[in-house]
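# Remarks on the overall topology
One-letter residues, chain by chain:
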Amino acid sequence: MTPLKRITIRDVSERAGVSTAAVSYVLNGREGKVSQETASKVRRAVEELNYIPDFSARSLAGTRSKLIGVVIPQTEDQKQLLLQNPFYSELVCGIEARLRQSGYHMILSGVDKGEGYLDTSMQRNLDGAIIMGIYQESFYDDLKRVKVPIVLIDSYVNDSYFQTVSIDDEAGGYMATKLLIDNGHTNIALVTGLIRKDGVVEKRFLGYKRALKEAGLFYNSDYVFEHSVSYEYGQEAAAAIAAGHPEITAVFASSDLVALGVLRGLSDAGKRVPDDVSVVGFDDIPVARMCNPPLTTVRQNIVARGEMAAGRLLKAIEEGEEALADDPSVTRLEMAIRQTVQRLSPS
C-alpha cells in the first residue's frame, strides 16, 4: 500500500494557481482578503487534494511531537460518553501514567461507528497511537497509511503491522461459566454486547459455550441476551430473565458494567442475589468490590494493561518495533471470588 503523502499549503497553492498567502487567508477564515474567484479555487483545490491542516505547527522535519493518540471506540448503536464505561477509565489511567513518565502527552478521542482516525492523526502529527476495540477493516488500512507505530488493545486483527496487548478472552469466558457449573448451576444465561466476529465479546461467548459443552450441558440460544455493553442493558436483560425464564439460576455477564445492571435489574424484579440467581462479571473494575453484594468476577489488571500498551508503543517509537520481539503482550486472568455466587444443593 502506498504511504499517504502529507499535502501542504504549497501543494494547494500550486493546484489552485494562487499564492500560499491567499491559501492561508482562506483556510483561516479571512476570505475578505482575496477575491471570491480565488477563494473558490482554494476550496476546490483543498477538496481535490483532501488537504488536512497541520494544527501542531511542527516546523522541524524529524522532530518528535511527543503526542500519542488514544482512541476509545463508540461502537454501540447508542451514543455513550467517552469514559462512561469505567473499564476505559482504568485503562486510560494506566496509559497516561506510563506516557507521562517518559515525557509524552496523550490525545484522547472517540471514533463513532463508520468514522476514520486518519484525519485526527495527520492533523496532530502523532508519534504513535493506542487503539482500543474493534473496527471495520478500512479503519486499519487507513492507520497503516499514516506510518507511525500503533498498539491495539482488545483486538484480534491478524496483521503483523500492529503491536497488540491482550488477554485470553475465551479462557476468561470459560473460567466464569465453569465457576457457575462447579457450583451446581446448569441453566446459565449470558448477558453481553453484540457478538461480532473476532471481537472480545465473541471470544468470551465462545468460552461460555466451551464450558457448557465440556460439562455436557445443552447450549440454549434463548439464554443468550446480546445488545450493548451498558448498565442499562444489564437491567433490561435481568428483567427479561426474571419475567420469562424462572429456570435460569445463574448469569454470566461479559463485563462488570453489564453485571452491575443485572444486579439492579434482578433486585427490581424481586430476585435476590445470590439466593435466587448467581451472577459473575468480567473485568474487576473498582466498583465491583463496592457494590452490594460484592461482585464475583474475572479479574484482569486493567491499569497494568494500559501501562503495558504504552510501554510497548514507546519502545517501538524509540528503539524500533524489532525490539519488542521478546516482550510480553498478554496479561493473566484470575477469578475474584466474592458474594454473588451460591452453590446449588443437589435436587
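Please read these numbers as outputs of a predicted model, since none were measured by experiment.

### Considering the overall build of the protein chain
- Helices and strands together make up the secondary structure of the protein chain, namely eleven helices and eleven strands.
- Expressed as a percentage of contacts within the protein chain between residues at least 6 apart in sequence, the contacts between residues at least 24 apart total 71%.

### Some words on the environment of lysine 315
- With respect to the helices, strands and loops of the structure, lysine 315 is situated in helix α11 (residues 302-319).
- Separated by 166 residues in the primary sequence, lysine 315 and proline 149 have C-alpha atoms spaced 9.7 Å apart.

### A closer look at the packing of aromatic side chains
- Inspection of the entire model under this criterion finds three aromatic pairs.
- The interplanar angle of 85 degrees and the centroid separation of 5.2 Å between the aromatic rings of tyrosine 161 and phenylalanine 162 together place this pair among those described as edge-to-face.
- Using a relative accessible area of 22% as the deciding quantity, one classes tyrosine 161 as partly exposed.
- Lying across the ring of tyrosine 156, lysine 203 places its NZ or CZ 4.8 Å from the centre.

### Here we look at the environment of isoleucine 150
- Considering the arrangement of structural elements, one finds isoleucine 150 in strand β4 (residues 150-153).
- Here isoleucine 150 falls in the buried class, since its relative accessible area comes to 3%.
- Separated by 80 residues in sequence, isoleucine 150 and valine 70 have C-alpha atoms that sit 9.9 Å apart.
- Once you skip the residues sitting within four places of it in the chain, isoleucine 150 turns out to touch Ala129, Ile131, Leu143, Phe162, Gln163 and Leu313.

### A closer look at the pattern of salt bridges
- Throughout the structure, instances matching the rule amount to 14 salt bridges.
- The shortest N-O distance in the salt bridge between lysine 41 and glutamate 37 comes to 3.7 Å. Separated by four residues within a single helix, lysine 41 and glutamate 37 lie in helix α3 (residues 36-49), roughly one turn from each other.
- What makes lysine 41 partly exposed here is its relative accessible area of 28%.
- Between aspartate 154 and arginine 305 there is a salt bridge, with its nearest N and O atoms 2.9 Å apart. With aspartate 154 in the loop between β4 and β5 (163-165) and arginine 305 in helix α11, this pair connects stretches of sequence that are 151 residues apart.
- Exposure remark for aspartate 154: the relative accessible area of 12% places this residue in the buried category.
- Take arginine 305: its relative accessible area is 0%, and that puts it in the buried class.
- One salt-bridge network, in which partners are shared between bridges, spans Asp284, Arg299, Arg332, Glu334 and Arg338.

### A look at unusual backbone geometry
- Each neighbour pair has its own omega, and for valine 273 with proline 274 the value is 10 degrees, a cis peptide bond.
- For proline 274, the location among the structural elements is in the loop between α10 (256-268) and β9 (278-283).
- Following asparagine 292, the chain continues into proline 293 via a peptide bond in cis, with omega recorded as 0 degrees.
- Despite not being glycine, asparagine 50 has its phi angle at roughly 55 degrees, a positive value.
- With respect to the secondary-structure elements, asparagine 50 resides in the loop between α3 and β1 (67-74).
- Of note in the backbone geometry, aspartate 198 takes a positive phi value of approximately 65 degrees without being a glycine.

### Remarks on the side chain of glutamate 202
- Considering the arrangement of structural elements, one finds glutamate 202 in helix α8 (residues 200-214).
- Here glutamate 202 is buried and forms no salt bridge, its nearest opposite-charge partner lysine 203 lying at an N-O distance of 4.7 Å.
- Once residues lying within four places of it in the same chain are set aside, the contact partners of glutamate 202 are Ile195, Arg196 and Lys197.

### Side note on the packing of helix α1 (residues 9-16) against helix α2 (residues 20-27)
- Viewed as axis vectors pointing N to C, α1 and α2 meet at an angle of 105 degrees, and their least axial separation amounts to 8 Å. As judged from the angle between their axes, α1 and α2 are roughly perpendicular. Seen from α1, the contacting residues are Ile9, Arg10, Val12 and Ser13; seen from α2, they are Thr20, Val23 and Leu27.

### As for the sheet that holds strand β8 (residues 250-253)
- An order of β7-β6-β8-β9-β10-β11 is seen for the six strands of this open sheet, with the pairing classed as mixed. The open sheet has two edge strands with one neighbour each: β7 (224-227) and β11 (333-336). In this sheet, neighbouring strand axes are inclined to one another by 15 degrees on average, regardless of whether the strands run parallel or antiparallel.
- In this structure, strand β6 (residues 188-193) lies alongside β8, joined through four bridges in parallel fashion. By the bridge assignment for β8, alanine 189 is matched with valine 251.

### A few points about α8
- With 15 residues, α8 should cover 21 Å at 1.5 Å per step; its first-to-last C-alpha distance of 21 Å lies within 8% of that length.
- Restricting attention to buried positions, one finds in α8 the residues Val200, Val201, Glu202, Lys203, Arg204, Phe205, Gly207, Tyr208, Ala211 and Leu212.
- In the core, the buried residues of α8 are packed alongside α7 (169-182), β6, β7, β8, β9 and β10 (296-300).
- Directly beyond the C-terminal end of α8, a positive phi value near 75 degrees is found at glycine 216.

The rules behind these values
- Residue numbers restart at each chain and count upward from 1, following the sequence in its written direction.
- Residue-level local features of this predicted model are given only where pLDDT is at least 70; pairs of side-chain atoms are given and counted only at 80 or more, and the full residue set underlies all totals for whole chains, interfaces and linings.
- In computing side-chain properties, one takes all heavy atoms of the structure into account and sets aside hydrogens as well as water.
- Helix and strand definitions here come from DSSP, where helices need a minimum of 4 consecutive H or I residues and strands a minimum of 2 consecutive E residues; each element is numbered from the N-terminal end.
- The contact rule is simple, with two residues in contact once any of their heavy atoms fall within 4.5 Å.
- Only centres within 6.5 Å qualify two rings of Phe, Tyr or Trp (six-membered ring in Trp) as a pair; their planes then separate them into stacked at under 30 degrees, edge-to-face at over 60, and tilted for everything else.
- Remark: exposure states derive from per-residue accessible area (1.4 Å probe, protein chains only) relative to the maximum for the residue type, with buried under 20%, exposed over 50%, and partly exposed in between.
- We call a charge positioned over a ring when the NZ of a Lys or the CZ of an Arg lies within 6 Å of the ring centre and within 35 degrees of the ring normal.
- Each reported salt bridge corresponds to a side-chain nitrogen of Lys or Arg within 4 Å of a carboxyl oxygen of Asp or Glu.
- The positive count covers Lys and Arg only, the negative count covers Asp and Glu only, and His and the chain ends enter neither.
- Think of each axis as a best-fit line through the C-alpha atoms, taken over the contacting stretch in the case of a helix, with angles from 0 to 180 degrees between the N-to-C directions.
- Angle categories are assigned with fixed cut-offs, so that under 35 degrees is roughly parallel, over 145 is roughly antiparallel, 65 to 115 is roughly perpendicular, and the rest are oblique.
- Strands are treated as partners if at least two bridges between them are detected by DSSP.
- What a helix should span is 1.5 Å times the count of its residues minus one.

On their own, these measurements won't tell you what the molecule is for.
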